[in-house]
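Close look at the chain arrangement
Each chain, written out:
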Amino acid sequence: MNERYSALRSNVSMLGHLLGNTIKDAHGEPLLEKVEAIRKLSKSARAGNQDDRQKLIDELQNLPDDQLLPVARAFSQFLNLTNIAEQYHTVSRHCEEHICKPDAVDALFGKLKDSDINQLDSIQAVRDLKIDLVLTAHPTEIARRTMIHKLVQINKCLSKLELSELSNRERHRTEQRLEQLIAQAWHSDVIRKQRPTPLDEAKWGYAVVENSLWQAVPEFMRQFDEKLTDHLGESLPIDAAPVQFSSWMGGDRDGNPFVTSNVTREVLLLSRWKAADLYLADIQELVSELSMVECNAQVRELAGHEHEPYRAILKDLRTKLTNTRDVLDAKIKGLAVPNFGIIDHVDQLWNPLHACYQSLHECGMGIIADGLLLDVLRRIKCFGIHLVRLDIRQESTRHSDAISEMTRYLGLGDYDHWSEQDKVAFLVRELASKRPLLPRDWEPSPEVKEVIETCQAIAEQPREALGAYVISMARTASDVLAVHLLLKEAGCTFRMDVCPLFETLEDLNNAESVIRQLMNIDWYRGFIQNFQMVMIGYSDSAKDAGVMAAGWAQYAAMEALVDVCEEANVKLTLFHGRGGSIGRGGAPAHAALLSQPPRSLKGGMRVTEQGEMIRFKLGLPEVAVNSLNLYASAILEANLLPPPAPKQSWRELMDVLSEVSCEAYRNVVRGNEEFVPYFRAATPELELGKLPLGSRPAKRNPKGGVESLRAIPWIFAWSQNRLLLPAWLGAGEAIQYSIDKGHAKQLEEMCREWPFFSTRLGMLEMVYTKTNIGIAQYYDQRLTDKSLWPLGQQLRDQLQKDIKAVLNVENSDHLMEQDPWGAESIRLRNIYVEPLNMLQAELLYRTRQQEQPSPMLEEALMVSIAGIATGMRNTG
């Protein structure tokens, strides 16, 4: 046994033992023995024992119906607990060196010391640092809010058990508490019975802020400030705000009919309510702390000559925050709104607290000022009074349909049938016009009315409550101008960042010409005040063309957009629509950022944090601090020590790899008539629609085929049967093609010297490590018609060839040689994931045999889907 992971294994073993106690108490010794037998067979089968593999299959195929659900739940919970132990291990006191790498920011300053970057440039880069993490609710997050709270409590217990000075009684109590929490989780519903509403999703996001980010942000800032002082002799300004959070929960209406203008209004009120509630708890604590009497003239004046001036100021703030909460509560519940003085601008919170901070410093009490008070000031700069800024997202044709309906009503013709040139001319003319375009007595269709009411909801808000307006499936300059016009007509008085999202291969290739066209419009250049945001889509481009072609198209689009905006002297922020999975652009954050084109992070970084990855990267305060450190160091490094621009010969080879991989991918996904029937039979794609995970329907068009399937369930379905097809198909084939054409040396050079290419290969290695050919074959044999078996075999054969091609280029003998911790992490969970995979195949087989499967059978299937997603981690 590898001793390097002993502490982690010890925690996994302890949690598994406590879960075993819970299972025995709930279902009796025989069920626990059955679960243990399955686990041991799985471990032996993993080690290559074919007899035990067959015994495992027989055991699972012969499970009586009444044991299916508890067995599925047992392995699902094992995986949850393994993830908790692993997540905790990365921040524990005894984390092994090879896992807990040196602090990312310290490591960066070490590199800067050895470079010729001068101190002023480093200080400026720190001042310009901007991290905007956009929380999105996607249907891969299976943990309910009640479970998230229990996970945080389990982590606290693990932390306590690490203390060497713990008495036997304290240790016993902590272990007892752990067992209680595990039992609570076991006896709670892990699967929602109803699909969550957009409001539920928003509340889940606020729970992440409350349980983790509220503590993590000031702690990250405190640590970051100390490192800057040590390395640069410069501290962070008090009003620095390098981190901000935005959200799509309650604002993302693309293909989600449940997100309406009223939902958006309510989410914005809820967000403000939660912010007031969190600040109220902080202020209450400060009231008890700041009992000092000495102060400067400004505080004396603000306090009205009270004996305890700081307390007087804080008590006034406490009253206003209580009033704010009561007023917002009444608005949310539709009750009579009390006429109280409330906090409706961030300065009302910042100014009095900042005055207290300055006074304490002036009066020789800086050590007190730099405690909780400084943390609260940091929070105000990060979260404002709105907690998170809400993005709005809508599909481009919904805007053109609205304008088209308007122009037809006004007798101006049908906007939808105009040329792009005529559309742009009309939109610019109307945007520059002083008169309104929106007719007064017009009754638009329900769809158009909803678009207009959403714009009106935006217009009612203060600018700081909102992030960007994202246009999905944006293809033209008129798509951007149309949103600006609709906002103007709705009475929006501020400039909203209207952000086109380029997400298919063709759209990425056209992104440069669209932004160039916009930059050539005088009205537009004047209006945007030299700031442009563009969103790069990872999911749909990969679904459209495969990961290799999509990755190169994304890189080329970013590079071209940077050039266009630099020429126009416009500051560009690239917004990355990444998912957790490789097929949706996921990669370790540090590597992913450093693999982007030079200069692409000059305008800061905006990225979606999606579904279950929010919990893995931001769900615990210590883990969130680590994640923010990684982001900060990667952005600073990319701007101060940028990666090399690719050589022309590398570009030419990437063009070939892109073309060959895209063709190979599309030949299977679009060109093989057996592919769709195979996909539907060999994965739980059809059953996924029944799982009440996210508020959005799984398809944009309920009657469409694979092309209408959202990128998330597309990836999610393939990760369930362990083929993970979209995350690798075409890439290895293109690499082998290039090796056969004599480009092996050049590929090796690209791997060594070009972060973009080496990161691509690293991502493929992780995917290959998570695939399981035996499991994928078992799904085929249990679930698909024999006529489809050759296609499954062909795909698995291709996977094996692709793995050899990538290892060949990297000169490696085994996958993930450079990341032993990542490989061990996957191996650790596989013992529990594989029985769940086999059980899921059996559950799919049984449910598909029955016209009306029993609720118990369906629930067991849902638990297996959620459990495998937990075990695979970056699944969607």
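Description of the structure in this document. Given the structure is predicted, the values throughout are model-derived calculations rather than measurements. (Residues numbered from 1 in each chain as written. Predicted model: local features only at pLDDT ≥ 70, side-chain atom pairs only at ≥ 80, totals over all residues. Heavy atoms only, no water.)

1. Regarding the packing of aromatic side chains
- Taken as a whole, this structure holds 26 aromatic pairs when the rule is applied.
- Measuring from centroid to centroid gives 4.9 Å for F78 and Y832, while their planes differ by 10°, and the two rings are stacked. Taken together, the residues F78 in helix α4 (residues 65–89) and Y832 in helix α35 (residues 820–849) connect sequence positions 754 residues apart. Taken individually, F78 and Y832 each receive the classification buried, so the pair is uniform in this respect.
- Between F220 and F224, the ring centres sit 5.4 Å apart and the planes meet at 15°, which makes this aromatic pair stacked. Taken together, the residues F220 and F224, both in helix α9 (residues 198–232) and four residues apart, mark about one turn of the helix.
- According to the relative accessible area criterion, F220 is buried, its value standing at 1%.
- Assessed through its relative accessible area of 0%, F224 is described here as buried.
- Against the face of W350 rests K381, its NZ or CZ located 4.5 Å from the ring centre. (Phe/Tyr/Trp six-rings, centres within 6.5 Å; stacked < 30°, edge-to-face > 60°. Helix = DSSP H or I, 4+ residues; strand = E, 2+ residues; numbered from the N terminus. Buried < 20%, exposed > 50% of the residue type's maximum accessible area, 1.4 Å probe, protein only. Lys NZ or Arg CZ within 6 Å of the ring centre and 35° of its normal.)

2. Examining the sheet that holds strand β6 (residues 531–537)
- On the basis of which strands lie adjacent, the closed barrel formed by eight strands has the order β1-β2-β3-β4-β5-β6-β7-β8 and parallel pairing. Here the average twist between neighbouring strands, direction ignored, is 25°.
- Strand direction decides the pairing type here: strand β2 (residues 243–247) and strand β3 (residues 389–395), joined by two bridges, are parallel. Note that in β3 the partner of S247 across the bridge is L390.
- Contacting β4 (466–472) and β5 (497–502), helix α18 (residues 477–489) runs over the sheet at an angle of about 150° to β5. (Pairing = 2+ DSSP bridges. Axes fitted to C-alpha atoms, helices over the stretch in contact; angles between N-to-C directions. Contact = heavy atoms within 4.5 Å.)

3. With respect to the pattern of salt bridges
- Taken as a whole, this structure holds 47 salt bridges when the rule is applied.
- Measuring nitrogen to oxygen at the nearest pair gives 2.7 Å for the salt bridge that ties R606 to D132. Separated by 474 residues along the polypeptide, R606 in strand β8 (residues 605–610) and D132 in strand β1 (residues 131–136) bring together distant segments of the chain.
- Relative accessible area serves as the criterion here: at 2%, R606 is assigned to the buried category.
- Relative accessible area serves as the criterion here: at 3%, D132 is assigned to the buried category.
- Among the salt bridges present, the one from K274 reaches D277, with a minimum N-O distance of 3.8 Å. With a gap of three residues between them, K274 and D277 both fall in helix α10 (residues 261–289), about one helical turn apart. Note on accessibility: K274 and D277 belong to one class, buried. (Salt bridge = Lys/Arg side-chain N within 4 Å of Asp/Glu carboxyl O.)

4. Topic: the environment of L79
- Structurally, the position occupied by L79 is in helix α4.
- Measuring from C-alpha to C-alpha, the distance between L79 and G867 comes to 6.8 Å, with 788 residues separating the pair along the chain.

5. Details of the environment of A402
- You can see A402 is positioned in helix α15 (residues 396–409).
- Distance in space between the C-alpha atoms of A402 and S445 is 8.8 Å, their sequence separation being 43 residues.
- Excluding residues that lie within four positions of it along the chain, A402 makes contacts with W442, V448, V451 and L486.

6. Here's the deal with the pairing of strand β7 (residues 571–577)
- Of all the seven residues making up β7, six are buried; the element is thus mostly covered by neighbouring parts of the structure.
- Here β6 pairs with β7 via seven bridges, running parallel. Paired with V534 across the strands is L574, a residue of β7.
- Where β7 and β8 come together, two bridges link them in parallel fashion. Opposite H576, over in β8, you have V607 as the bridge partner.

7. Description of a negative patch on the surface
- Taken together, D106, E219, E226 and D230 make up a surface patch of like negative charges.
- Counting residues per element, the negative patch draws most heavily on α9, which supplies three residues.
- With respect to the helices and strands, the residue D230 is situated in helix α9.
- The exposed category is assigned to D230, whose relative accessible area is 65%. (Patch = residues over 30% accessible without salt bridge, like charges linked within 9 Å, V, L, I, M, F, W, Y side chains within 5 Å. Areas by Shrake-Rupley, 256 points an atom, 1.4 Å probe, with all protein chains shown as cover. Lys, Arg positive; Asp, Glu negative; His and termini not counted. Charge placed at Lys NZ, Arg CZ, Asp CG, Glu CD.)

8. What about the packing of helix α33 (residues 773–783) against helix α34 (residues 789–810)?
- Where α33 meets α34, the axes come as close as 10 Å, and the angle between the chain directions of the two elements is 175°. Here α34 runs roughly antiparallel to α33, going by the angle between their axes. For the pair formed by α33 and α34, the contact residues are I773, A776, Q777, D780 and Q781 on the first element and W789, G792, Q793, R796, L799 and Q800 on the second.
- Split by residue class, the contact of α33 with α34 holds four nonpolar, five polar and two charged. (Parallel < 35°, antiparallel > 145°, perpendicular 65-115°, else oblique. Nonpolar A, V, L, I, M, F, W, Y, C, P; charged D, E, K, R; others polar.)

9. Points about the nonpolar core
- Counting 157 residues, the largest nonpolar core has L353 and F383 as its most contacted members.
- At 15 residues, α9 tops the list of elements feeding residues into this core.
- With 116 residues, the next largest nonpolar core counts L41, L63, L81 and M838 among its residues. (Core = buried A, V, L, I, M, F, W, Y, C linked by side-chain atoms within 4.5 Å.)

By themselves, these are just geometric observations and shouldn't be taken as functional.
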